[in-house]
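Take a look at the letters that make up each chain.
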Amino acid sequence: MHGSRSRQRGSKDLWLDAAYEVLVSDGIDAVKVMGLAKKLNLARTGFYWFFADLKELHSAMIARWENQNTGNLVARCNMDAPNICHALFNLMDCWLDPSLFDARLDLAIRNWARVDDDLQRRVNEADRIRIEAVAGLFRRHGFSPDQAHVRSLTVIYTQIGYISMQIEEARSDRLARVQHYVEIFSGTVPSRRDVERFLARHT
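Summarised in this report is the structure supplied together with it.

Thresholds applied
- Residues numbered from 1 in each chain as written.
- Predicted model: local features only at pLDDT ≥ 70, side-chain atom pairs only at ≥ 80, totals over all residues.
- Heavy atoms only, no water.
- Core = buried A, V, L, I, M, F, W, Y, C linked by side-chain atoms within 4.5 Å.
- Buried < 20%, exposed > 50% of the residue type's maximum accessible area, 1.4 Å probe, protein only.
- Helix = DSSP H or I, 4+ residues; strand = E, 2+ residues; numbered from the N terminus.
- Contact = heavy atoms within 4.5 Å.
- Salt bridge = Lys/Arg side-chain N within 4 Å of Asp/Glu carboxyl O.

**Some thoughts on the nonpolar core**
Then comes step 1: In terms of nonpolar packing, the biggest core is built from 34 residues, with Leu73, Leu88, Leu91, Val134 and Phe138 touching the most fellow members.
Then comes step 2: Secondary-structure elements contributing two or more residues to this core are helix H4 (54-77), helix H5 (84-96), helix H7 (117-140), helix H8 (145-165), helix H9 (171-186) and helix H10 (192-202).
Then comes step 3: For this core, the element with the most residues is H5, which contributes ten residues.
Then comes step 4: Residues contacting Leu88, with those up to four places away along its chain left out, are Leu137, Phe138, Val182, Phe185 and Ser186.
Then comes step 5: Trp15, Val31, Val33 and Ala108 belong to the second-largest nonpolar core, a separate cluster that totals 29 residues.

And the structure:
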């Protein structure tokens, strides 16, 4: 009997995953308890075992975005690397591995923030943290503070452009371009070994 009730109400992650799918496909206005219940084929009341209300679900969705996208980006920037190109390849992993950085979620959050001032402030703070993490990466590899800051803006704004424009390209084409992005961002031609190590992670 207990197992049957659990199945009827689902789990916190199940509701959160469903909310994520609706958010990235249809936007925040489509994230409604009844709609999620129908999507999951669960009782509407099951939602309230895990969330007090829709606002609490929203908070969990935003926390997932912060922890995954900003958290992983900062972690990749802080990884040990013998040279600037190696360090940038570590960061570029984010743009090719959705488990590290979910571009669809980032776009959905930015669209949501257009109608939510509090969320816009959190997006601004996330961008500040990301820019500073990338700037720190450049500083650790000998770039001046001014150079590090401008290069970090170039890296982050390039990726925001990719996300906002919803660029679609063959994975093989994007992989082939990464070494050139790294060269442009760093001013250094990456070694064959660093390029091959990066490509091996994604092929």
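**Regarding the pattern of salt bridges**
Then comes step 1: Across all of its chains, the model carries 13 salt bridges by this definition.
Then comes step 2: Arg64 is the partner of Asp17 in a salt bridge, and the nearest nitrogen-oxygen pair spans 2.8 Å. On the criterion of sequence distance, the pair formed by Asp17 in helix H2 (residues 12-26) and Arg64 in helix H4 is long-range, its members being 47 residues apart.
Then comes step 3: Among the residues examined, Asp17 registers a relative accessible area of 36% and is labelled partly exposed.
Then comes step 4: The class for Arg64 is partly exposed, based on a relative accessible area of 24%.
Then comes step 5: Several salt bridges converge on common partners, so that one network encompasses Asp106, Arg110, Asp127 and Arg130.

**Things to note about the environment of Arg130**
Then comes step 1: With respect to the helices, strands and loops of the structure, Arg130 is situated in helix H7.
Then comes step 2: Arg130 sits in the buried class, given a relative accessible area of 3%.
Then comes step 3: Between the C-alpha atom of Arg130 and that of Cys77, which follows or precedes it by 53 residues, the distance is 9.1 Å.
Then comes step 4: Discounting chain neighbours no more than four positions away, the residues touching Arg130 are Trp65, Asn69, Thr70, Leu73, Phe101, Asp106, Arg110 and Ile156.

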